[in-house]
Amino acid sequence: MKLTIEAGANPTIFNRFGGTALIPAAEHGYVENVRELLEHTNVDVNHMNKPGWTALLEAIIYGNGGPRYQETILLLIEHGADVHLADAKGISPLQHAQSREFQAISNILIQAGAK
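A few points on the structure. (Residues numbered from 1 in each chain as written. Predicted model: local features only at pLDDT ≥ 70, side-chain atom pairs only at ≥ 80, totals over all residues. Heavy atoms only, no water.)

**Examining the packing of helix α4 (residues 55-62) against helix α5 (residues 67-78)**
- Between α4 and α5, whose axes approach to 10 Å, the crossing angle comes to 165°. If you check the angle between α4 and α5, you find them roughly antiparallel. In the crossing of α4 with α5, the sense of the turn from one axis to the other is left-handed. Of the residues in α5, those in contact with A55, L56, A59, I60 and Y62 of α4 are Y69, T72, I73 and L76. (Axes fitted to C-alpha atoms, helices over the stretch in contact; angles between N-to-C directions. Helix = DSSP H or I, 4+ residues; strand = E, 2+ residues; numbered from the N terminus. Parallel < 35°, antiparallel > 145°, perpendicular 65-115°, else oblique. Left-handed = near helix turned anticlockwise from the far one by under 90°. Contact = heavy atoms within 4.5 Å.)

Right, here's the structure in full:
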C-alpha cells in the first residue's frame, strides 16, 4: 500500500461498490493499510459506498470485534469518522456493534460520543 501511494496511486478512485480503498482495508481489519491511507492520503473517511456503508460501518459489520478491528475503528475515529453516520437503512454504527455483541467496539463508539 505504502509503495503504491508513493508511486502516485490514487486511493480515492471508486471500486465496483462505489467505495474507496479505505473501505475494504477497514472491512478486513488491515490496520497498517488503514493507517497509511488516513495519514498519507486525502481519502474521505466518511465516504459512503453504494450499499450505504462507510469504512467504520464495514469494520463493524464484516469484522469479528477483535483487537485489529478495535484498532481500525479507533484510527477511523481519530481521523474524523462520524460515529453517528447511519447506513442506508438508518442503522447506526453503535446499533450494529450492539447487535453483534461487540462490547469493546460499543464502548469505543460511546466514548467517541455515539448514542
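**Observations regarding the environment of A7**
- Take A7: it is sitting in the loop between α1 (2-6) and α2 (22-27).
- Along the primary structure A7 and N42 are separated by 35 residues, whereas in three dimensions their C-alpha atoms are 15 Å apart.

**Here we look at the packing of α5 against helix α7 (residues 103-111)**
- Axis separation between α5 and α7 bottoms out at 10 Å; the angle between their running directions is 10°. With respect to α7, the axis of α5 lies roughly parallel. Judged by residue contacts, Y69, Q70, I73, L74 and I77 of α5 engage A104, I105, I108 and L109 from α7.
- When the residues that make up the contact of α5 with α7 are grouped by side-chain class, the tally is 8 nonpolar, 1 polar and no charged. (Nonpolar A, V, L, I, M, F, W, Y, C, P; charged D, E, K, R; others polar.)

**Describing α5**
- Here α5 contains 12 residues, and its C-alpha end-to-end distance of 16 Å stays within 8% of the 16 Å for a straight helix at 1.5 Å per residue.
- Restricting attention to buried positions, one finds in α5 the residues Y69, T72, I73, L75, L76 and I77.
- On the buried face of α5, the contacting elements are α2, α3 (31-40), α4 and α7.
- G80 lies just past α5 and shows a positive phi near 100°. (Expected span 1.5 Å × (residues − 1). Buried < 20%, exposed > 50% of the residue type's maximum accessible area, 1.4 Å probe, protein only.)

**Points about the nonpolar core**
- Of all hydrophobic cores here, the largest spans 29 residues; its most connected members are L22, I73, L76 and L109.
- Broken down by secondary-structure element, the contributors of at least two residues to this core are α2, α3, α4, α5, α6 (93-99) and α7.
- L109 has contacts with L56, I60, I73, I77, V83, P93, L94, A97 and A114, leaving out every residue within four places of it along the chain. (Core = buried A, V, L, I, M, F, W, Y, C linked by side-chain atoms within 4.5 Å.)

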